2 protein chains.
Amino acid sequence: MSVAQFAALWAEIAPIGRAESGGYLRYALTEPELALRDWFRAHAAARDLEVTEDGNGNLFAWWGEPWGSGAVLTGSHFDSVPHGGGYDGPLGIVSAFLAVDRLRADGYAPGRPLGIAAFVEEEGGRFGLPCLGSRLLTGAVDPEKAAALTDRDGVSFGEALGATPSGARPDLVGRVSALVELHIEQGRALDVPVGVASAIWPHGRWRFDFTGRGDHAGTTLMADRRDPMLTFAYTVLAANKEARLSGAHATMARVQVEPNATNAIPARVRGWLDARAAEESTLDGVVDAIVKRAHDRAGRDGTEVGVTAESVTAQVAFDTALAERIAGLLGGAPILPTGAGHDAGVFSAHVPTAMLFVRNPTGVSHSPAEHAPDEDCAAGVEALAKVLEALT
Amino acid sequence: MSVAQFAALWAEIAPIGRAESGGYLRYALTEPELALRDWFRAHAAARDLEVTEDGNGNLFAWWGEPWGSGAVLTGSHFDSVPHGGGYDGPLGIVSAFLAVDRLRADGYAPGRPLGIAAFVEEEGGRFGLPCLGSRLLTGAVDPEKAAALTDRDGVSFGEALGATPSGARPDLVGRVSALVELHIEQGRALDVPVGVASAIWPHGRWRFDFTGRGDHAGTTLMADRRDPMLTFAYTVLAANKEARLSGAHATMARVQVEPNATNAIPARVRGWLDARAAEESTLDGVVDAIVKRAHDRAGRDGTEVGVTAESVTAQVAFDTALAERIAGLLGGAPILPTGAGHDAGVFSAHVPTAMLFVRNPTGVSHSPAEHAPDEDCAAGVEALAKVLEALT
């Protein structure tokens, strides 16, 4: 596996869905993501890998019998956050095809089926629920509920998919012996090219609905206002402060304002909190503190606040024995936790699951500036090939 | 002029451009505002008033010779802020037609031409510059610059108008002897049905561009962040505090976030400050203090902030003698200032200008809840008729 081989395959998808920002707009089941799926099918066909769909929007390219006994899954997702980087997701799929090439070049013939997955809507960037495809396949979300999720234009996931998702595969646990997802590391936590995941922090999304009274920004006395933007702004700062105090991560990065006009005090401001922590008790504590401070401030602003937990994921501890075995295979690769959610985290509740991380020198992710060096990516392919060889 | 006559004419336009919120989406030169212009033409025709356009998007219905010597202008605007009330603007136009009916019912024949105006883009809700039509007609904005202003979809004012605006009317000052705009009051400042304006507070809009570094909300260490949402939030609260301390009004009610995703620290947040005060020195002081605090906070957040004054309007003092004459005509109506900008404010730099205010019991404006009782609106028509009779 040469660096040039990685660079050549990577270059094929680099232009797809790239915005002027340099970041990507690869929302699930939109034109760029569909183009990436076509690319996936073409590369599967070129390698004589049978492609199956699971009725949930997830694609699989099989070396060996689809869903055959003891199958090992690898792969990742194509979709991006808005103006996100190109590595988060696609690196795991590109690396999987190259790992197959690497193993075949060695004349290796797997004893178990190997499936390369492209999971749908991992980021939740279009329909709001992260890891939607893997949640459906493992039965972690109801297919009817998933079908009803809508994007910002009101299009439902069911409409985008063309059907109600088929939901959990009953024989998943019996058939799949392991899942290994390769992913770019996202926290400046790795100082060698490849590491192994230990755990995913508990994390979640909470929607804050701040309600006040729409009014004229020029004429309304300051004392007469009930301005929900003030309560939102206070909550943004409170979330940051509470996270710093407790060693958690908390971010309010998305906001919707009605009417969002310069000269009109808003009637409503909706903001989303993303919070994560190493321990569930820490996460609960920081979210409770932020909610309490939002309510206190609402009392002073004459506004109201409602909080809805949109998705909360408990701590994921990956299979410890598998992680240690993989670290050993890779000559003592470091084992480290992450604050980011992944499809592998969803699977870890059902089958032995592991993750490989590829070094990210700046730690920047979910940004056009996300980058991993070609040399490290090639090392990731080598590591993935070694692991898949051992598992199949 | 009966209350029923007012209510009947008002009911004709009430459904046009009304959103589910109960508020209005009557952006300049969009379908609802064009429908209101058709309504304007139909009512002018029914009254045998000749309609002229001024090449800037402003419409006029003339009782007498268009732009004839000593012409008196009245009227207001049709466009709304997003989800604004129905009174802000249209009340002045509907009242003008009814005032003509009232004067004709008395057999009055004006000695000077009377023009009912419908000014374009008073709110700046579509193209961002308030009083765009009156600014063009009086030469307060360059036609090429106005043509290049774009809405949120990238459509320019020139494209929406179908031409570069024709700009200032050179003989405006020589031809127009007075302008009287009737408008709903917007600050709970009137306890009788009709009042007269003394002045408009100096006011303006400033755009704050907060720049940081886009990154992953889950994995980025709190200490490593350069999150412009924090600087924005701090500035929102600083604007409120500084306004309260100085007796000014300051509001940050509009925001744009890139990428505006729950799990991505923003790269950029753009917020708009609306600030107004009774004195220019107070306004300057409060804006300077907010800008300074934004910069101080940006230093702590590792972000950058750029501030652009998008429009700043000096204090408008309406013609004192005219205001006193009108107050006398109306039996001692109160004379009061306002924090809201108006087309009349733009004209006041060029021709004797006055405003009538109709009582707003709650003071709520720029909101679906904006309301004036039919009885007060009918009293407004009576007052306007009396004033126009005296001036023509």
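For every chain, the first residue of the written sequence is number 1, and numbering continues from 1 along that sequence. Labels are handed out in written order, letters beginning with A for the chains and numbers beginning with 1 for the ligands. Owing to the predicted nature of the model, reporting of local features is limited to residues with pLDDT of at least 70; listing and counting of side-chain atom pairs is limited to 80 or more, with chain, interface and lining totals taken over all residues. Each side-chain value is worked out from all heavy atoms of the structure, with water and hydrogens disregarded.

Okay, the domain arrangement of chain A next. Residues and elements named next belong to chain A. The split of the chain into domains comes from an automatic or database domain assignment. According to the domain assignment, chain A consists of domain 1 (3-201 + 315-391) and domain 2 (203-313). Throughout, the accessible surface (probe 1.4 Å) given up by two parts as they are put together, summed over both, is called the buried area. Carbon and sulfur atoms supply 44% of the area buried between domain 1 and domain 2, which totals about 1000 Å² over both sides. Together, Arg152, Trp201 and Gln315 form the three largest contributors to the area buried by domain 1 at its contact with domain 2, with a combined 57%. The salt bridge definition used is simple: a Lys or Arg side-chain nitrogen within 4 Å of an Asp or Glu carboxyl oxygen. Our enumeration of links across domain 1 and domain 2 arrives at zero salt bridges. Here a polar contact is taken to be a pair of N or O atoms separated by no more than 3.5 Å, where protein atoms must pair a possible hydrogen donor with a possible acceptor and residues adjacent in sequence count only if both atoms sit in side chains. At the surface where domain 1 touches domain 2, the tally comes to five residue pairs in polar contact (both at pLDDT 80 or more).

The next subject is the pattern of salt bridges. All names here are of chain A. Summed over all chains, the structure comprises 38 salt bridges over all chains. Arginine 47 serves as the salt-bridge partner of aspartate 101, at 2.7 Å between the closest nitrogen and oxygen. Placement of the pair is aspartate 101 in helix H3 (residues 90-105) and arginine 47 in the loop between helix H2 (31-46) and strand E1 (50-53), with a sequence separation of 54 residues. Residue burial is assigned from relative accessible area. The probe radius is 1.4 Å, only protein chains are included, and a residue is buried under 20% of its type maximum, exposed over 50%, and partly exposed in between. For arginine 47, a relative accessible area of 12% gives the class buried. Linked by salt bridges that have partners in common, Arg207, Asp209, Arg270 and Glu310 make up one network. Secondary structure elements are taken from DSSP: a helix is a run of H or I of four residues or more, a strand is a run of E of two residues or more, and numbering for both begins at the N terminus.

Below, the discussion takes up the sheet that holds strand E11 (residues 268-276) of chain B. All names here are of chain B. Here a strand pair is declared whenever DSSP counts at least two bridges between the two strands. On the basis of which strands lie adjacent, the open sheet formed by four strands has the order E9-E11-E7-E12 and antiparallel pairing. The open sheet terminates on both sides in strands that have one partner only, identified here as strand E9 (249-258) and strand E12 (304-313). Neighbour to neighbour, the strand axes of the sheet diverge by 15° on average, direction disregarded. Here strand E7 (residues 203-211) runs beside E12; their pairing, made up of nine bridges, is antiparallel. Bridge assignment links phenylalanine 208 to a residue of E12, and that residue is valine 307. Each of E7, E9 and E11 touches helix H8 (residues 228-246); the most contacted strand, E9, lies at about 170° to it. In this analysis an axis means a line fitted to C-alpha atoms, helices contributing only their contacting stretch, and an angle means the value between N-to-C directions, from 0 to 180 degrees. Should any heavy atoms of two residues lie within 4.5 Å, those residues are counted as being in contact.

Residues and elements named next belong to chain A. Read from one edge to the other, the open sheet built from four strands follows the order E9-E11-E7-E12, with strand pairing classed as antiparallel. Each edge of the open sheet is held by one strand with a lone partner, namely strand E9 (249-258) and strand E12 (304-313). Ignoring which end each strand starts from, the neighbouring axes of this sheet average 15° apart.

Here we come to the relation of the copies chain B and chain A. The fit set for superposing copies consists of C-alpha atoms from residues with pLDDT of at least 70 in both; the fit itself is least squares. Least-squares fitting of chain B to chain A yields an RMSD of 0.1 Å, with the superposition described by an axial translation of 0.0 Å and a rotation of 180°. In the structure described here, the two chain copies are related by an operation that fits a two-fold rotation axis. When C-alpha positions in chain B are compared against the rotation axis, the closest is assigned to alanine 233 of chain B, at 2.2 Å.

Moving on, we get to the environment of glycine 162 of chain B. All names here are of chain B. Structurally, glycine 162 can be placed in the loop between helix H6 (157-161) and helix H7 (172-175). Looking at glycine 162, the relative accessible area reads 63%, which means it is exposed. Taking C-alpha positions, glycine 162 is 36 Å from valine 305, a pair spaced 143 residues apart along the chain.

Here the focus is the packing of H2 of chain A against H3 of chain A. All names here are of chain A. For the pair H2 and H3, interaxial distance at closest approach is 11 Å and the crossing angle is 10°. Considering their axes alone, H2 and H3 lie roughly parallel with respect to each other. Counted together, Trp39, Phe40, His43 and Ala44 of H2 and Ile93, Val94 and Phe97 of H3 form the full contact between these two elements. Asp, Glu, Lys and Arg are counted as charged, while Ala, Val, Leu, Ile, Met, Phe, Trp, Tyr, Cys and Pro are counted as nonpolar; the rest, among them Gly, fall into the polar class. Counted by class, the contact of H2 with H3 contains six nonpolar, one polar and no charged residues. Roughly parallel covers angles under 35 degrees, roughly antiparallel covers those over 145, roughly perpendicular covers 65 to 115, and oblique covers all other angles.

Now for the UniProt feature "binding site: allantoate" (unreviewed entry) in chain A. UniProt positions are given in the numbering used here, feature names are shortened, and annotations may be inferred rather than shown by experiment. In the UniProt entry, the feature "binding site: allantoate" (unreviewed entry) is given for Arg205, Asn263 and Arg276 of chain A. Taking the farthest pair of C-alpha atoms as the criterion, the annotated set spanning 72 residues is dispersed, since that pair is 36.2 Å apart. Inspection of the secondary structure assignment puts arginine 205 of chain A in strand E7 (residues 203-211). Classification of arginine 205 of chain A as buried rests on a relative accessible area of 7%. When near neighbours in sequence (up to four residues on either side) are disregarded, arginine 205 of chain A contacts Glu123, Gly124, Gly128, Pro130, Leu273, Thr308, Ala309, Glu310 and Ser311 of chain A together with Thr262 and Asn263 of chain B. Structurally, arginine 276 of chain A can be placed in strand E11 (residues 268-276). With a relative accessible area of 5%, arginine 276 of chain A lands in the buried category. For arginine 276 of chain A, the residues in contact, after removing those within four places along its chain, are Trp201, Pro202, His203, Ala248, His249, Leu283, Gly339, Ala340 and Gly341 of chain A together with His216, Gly218 and Asn263 of chain B. At a separation of 2.8 Å, a polar atom in the side chain of arginine 276 of chain A contacts the side chain of aspartate 274 of chain A.

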